[in-house]
Amino acid sequence: VSLPQPACYIGGGWQPAANTFSVRNPADGTIVGQAADAGPEDARAAIAAATAAFPAWADESTVQRAALLRRLSQELLDRLDPIARTIVAEQGKPLGQALFEVRYATQWLDWFAEEGRRAYGRVVPSPVPGKHVHVLRQPIGVAVAITPWNFPLAMIARKLAPAMAAGCTMVVKPAEQTPLSAVRLFEAIDAAQFPPGVLNLITAASPEAIAPALLEDDRVAKITFTGSTEVGKILVRLSADRLQRVSLELGGQAPFIVFDDADMDAAVSGLLASKFQIAGQSCLCANRIYVQTTVEEEFTERVLRAVSALKVGNGAAHGTDIGPLIDERALAKVSAHVADARSHGGRVLIGGERAAGGDFDRGWFFVPTVVAGCTDDMLCAQEETFGPVVPLFAFEEEDEVVARANSSRYGLAAYVYTKDLGRSLRVSRRLQYGIVGVNDPTPATPVGPFGGFKESGLGREGGTEGLDEFLESKLVSFIA
Ligand code: NAD
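To start, this report covers the structure provided alongside it. Bear in mind that the values here come from a model prediction, so they are computed numbers and not experimental data.

Quick look at unusual backbone geometry
Item 1. Positive phi values are uncommon outside glycine, yet Gln 193 reaches one of about 65°.
Item 2. Mapped onto the fold, Gln 193 is located in the loop between helix 6 (179–192) and strand 9 (199–201).

Here you go:
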């Protein structure tokens, strides 16, 4: 797959880079391509372009903005294969998951193409005779989007779709591990012919070097971020000086609860679907698997059988279920979680180590792992593992497991497997999580709000709520 020349996209055109950096394939360490290493001047130029484009874009008809989003969606589908292959090359996920990611990105564009036409205000009866109270909803202004490497295309689409629909303009800064998928996206944006300056791309090797220029700027009204909780907190502190609006989609630590009345086949296949997507590197991944003691043995046996059939390998190879972790740091974190579980009495039933030998030695592969006998004092019970590890925790009863599931500083996704309607209603209400899948391992959808409680974030993407994040409410009171 031929890749574009390293450049940033600013003011409707590609700006060749003075400096570049290499992007590596996590499966084998080979250089996939070069990306522009933008500096503060480039960041300021992108913000200037977005600022200049904002007034006309904010006034543009919602029908026209919707048409452009739909055109972008089609441009992505027209490039489905090269974009998916770029994602595989720099992110490592299996090709099937990369193809899904491109289609998933288009679902967000399609949803907000429609939703942008429903940015309704209100006319409210005034308590004072002769007064007329109108509530307008208007685009916030220039938004900066900072995105992670695990969904290098879809996380950008989730931000630009509502921003475009609302009438905001945007500067996108993708993760340094995966800038090339973003470049592919901007090729499609260029082909869709968005007005110059409405969408701009800045790639950079070091986020710290570019962040001040991107964020400490009075022209930036909104920061929308997906990534780790630690960096999310840094951005909130930075935004405080200007009181920029902030939306944060941060880390998760999802409980996956299997009651003894669950459909066991569905619970096992659901666990695999939730746990092993992107080798366990999704914010929605099941992280703590709670199994009722009455079915612990049966569930463990079935999970072991299913996990031992998973194929680890290069995402580009046919039949791969699990690709590499993103980098050495990720591998070290997953290894540390397994070592910690072992030292606290966990029993590693399968896996438990880096995949070694032959081609594996050139990448960051971890063998799919199941650990039984896990306890709440382990690292894997408290922190995001972000790797292909299934830690099994036993529980006795409903109240106990809800309390344990809620005893986390995170609150993004939670999963419950049960056939009891009353229990599914009770437990889903009591879980302190922004997203609950009841017998559903893949609850994320553009038609509903996506986001976390507690330290998993602020604000929502998707649904009607997603548009709100890019709108300000204005009260206009008339005497007439
Ligand atoms: P990260 O926080 O390290 O990086 C995310 C982005 O922030 C990257 O673009 C990076 O360059 C940038 N960044 C890093 N330090 C920065 C700084 N000091 N100032 C400004 N920008 C900075 O996260 P990651 O490792 O790329 O992504 C994994 C994390 O993202 C996990 O915690 C995962 O749960 C989370 N995530 C959350 C969601 C969600 O919707 N809630 C979705 C995907 C990923």
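Notes on the sheet that holds strand 5 (residues 122–124)
Item 1. Read across the open sheet, the 3 strands follow the order 5-6-22; overall the sheet is antiparallel. Two strands close off the open sheet at either side, each with one partner strand: strand 5 and strand 22 (471–479). Neighbouring strand axes in the sheet, compared pairwise and without regard to direction, differ in orientation by 20° on average.
Item 2. Here strand 5 pairs with strand 6 (residues 131–139) via 3 bridges, running antiparallel. Among the inter-strand pairings, Arg 122 is bridged to a residue of strand 6, identified as Val 135.

Describing the packing of helix 4 (residues 95–115) against helix 5 (residues 154–166)
Item 1. The N-to-C vectors of helix 4 and helix 5 enclose an angle of 10°; their axes lie 8 Å apart at closest approach. Between helix 4 and helix 5, the crossing angle belongs to the class labelled roughly parallel. Packed against helix 4, whose contacting residues are Glu 101, Tyr 104, Ala 105, Trp 108, Leu 109 and Phe 112, the element helix 5 presents Ala 154, Ala 157, Arg 158, Leu 160, Ala 161, Pro 162 and Ala 165 at the interface.

Comments concerning the site of the ligand
Item 1. With respect to spatial proximity, 28 residues lie near the ligand, and among them Thr 147, Lys 173, Glu 176, Ser 228 and Glu 384 are the closest.
Item 2. At 3.5 Å, a backbone N or O of Ala 175 approaches an oxygen atom of the ligand.
Item 3. Residue assignment for the shell around the ligand shows that the elements contributing at least two residues are helix 5, helix 7 (207–215), strand 10 (220–226) and helix 8 (229–240).
Item 4. Residues of the shell around the ligand, tallied by class, amount to 16 nonpolar, 7 polar and 5 charged.

Describing helix 1 (residues 40–59)
Item 1. The end-to-end C-alpha distance of helix 1 is 29 Å, a good match for the 28 Å that 20 residues give at a rise of 1.5 Å each.
Item 2. Remark: the principal bend of helix 1, roughly 40°, maps to Ala 53, with a proline, Pro 55, within the next four residues.
Item 3. For helix 1, the full list of buried residues reads Ala 43, Ala 46, Ile 47, Ala 49, Ala 50, Ala 53, Phe 54 and Trp 57.

Examining the environment of Arg 158
Item 1. Mapped onto the fold, Arg 158 is located in helix 5.
Item 2. A residue is classified by how much of its surface remains accessible, and Arg 158, at 2% relative accessible area, is buried.
Item 3. Those residues in contact with Arg 158 that lie beyond four places of it in its chain are Tyr 104, Trp 108, Glu 249, Phe 450 and Glu 461.
Item 4. Among the polar contacts listed, one links the side chain of Arg 158 to the side chain of Glu 461, at a separation of 2.7 Å.

Things to note about the side chain of Ser 181
Item 1. Following the sequence through the fold, Ser 181 ends up in helix 6.
Item 2. Polar side-chain contacts of Ser 181 include one of 2.5 Å to the side chain of Glu 90.
Item 3. Sequence-distant contacts of Ser 181, defined by excluding residues within four places in its chain, comprise Thr 86, Ile 87, Glu 90, Pro 152 and Leu 153.

Observations concerning helix 3 (residues 80–91)
Item 1. Between its terminal C-alpha atoms helix 3 stretches 16 Å, which fits the 16 Å expected from 12 residues at 1.5 Å a residue.
Item 2. Of all 12 residues that make up helix 3, 9 are buried, and the element is covered over most of its length.
Item 3. Of all the positions in helix 3, only Leu 80, Ile 83, Ala 84, Thr 86, Ile 87, Val 88, Ala 89, Glu 90 and Gln 91 are classed as buried.
Item 4. Looking at the residues trailing helix 3, positive phi occurs at Gly 92, about 100°.

Considerations on the nonpolar core
Item 1. If you look at the biggest cluster of nonpolar residues, it comprises 121 residues, and the most contacted ones within it are Leu 72, Leu 160, Met 170, Phe 194 and Phe 299.
Item 2. Those residues in contact with Leu 160, other than ones at most four positions away along the chain, are Leu 69, Leu 72, Leu 109, Met 170, Leu 185, Ile 189 and Leu 199.
Item 3. With 27 residues, the next largest nonpolar core counts Ala 46, Val 142, Ala 213 and Leu 248 among its residues.

What counts and how
For every chain, the first residue of the written sequence is number 1, and numbering continues from 1 onward in sequence order. Owing to the predicted nature of the model, reporting of local features is limited to residues with pLDDT of at least 70; listing and counting of side-chain atom pairs is limited to 80 or more, with chain, interface and lining totals taken over all residues. Excluded from the side-chain calculation are hydrogens and water; included are all heavy atoms of the structure. Secondary structure follows DSSP: runs of H or I at least 4 residues long count as helices, runs of E at least 2 residues long count as strands, and numbering of each begins at the N terminus. Pairing between two strands is assigned when DSSP locates at least 2 bridges connecting them. Lines fitted to C-alpha atoms define the axes here, with helix axes fitted over just the stretch in contact, and angles between the N-to-C directions of these axes take values from 0 to 180 degrees. Angle categories: roughly parallel below 35 degrees, roughly antiparallel above 145, roughly perpendicular from 65 to 115, and oblique for all the rest. Whether two residues touch is decided by their heavy atoms; if any such pair falls within 4.5 Å, the residues are in contact. Nearness is judged by heavy atoms alone; a residue qualifies as near a molecule or strand once a single heavy atom is within 4 Å of it. We call two N or O atoms a polar contact when they sit within 3.5 Å, provided that within protein one can donate a hydrogen and the other can accept it, with sequence-adjacent residues counted only if both atoms are side-chain atoms. Any residue that is not Ala, Val, Leu, Ile, Met, Phe, Trp, Tyr, Cys, Pro, Asp, Glu, Lys or Arg is counted as polar, Gly included; the first ten are nonpolar and the last four charged. Helix span, expected: 1.5 Å multiplied by one less than the number of residues in the helix. The angle between axes fitted to the seven residues ending at a residue and the seven residues starting there is what we call the bend at that residue. Throughout, exposure labels follow a simple rule: accessible area from a 1.4 Å probe, protein chains only, divided by the maximum for the residue type, with under 20% read as buried, over 50% as exposed, and the rest as partly exposed. We call a set of buried residues a nonpolar core when its members are Ala, Val, Leu, Ile, Met, Phe, Trp, Tyr or Cys and they connect through side-chain atoms within 4.5 Å of each other.

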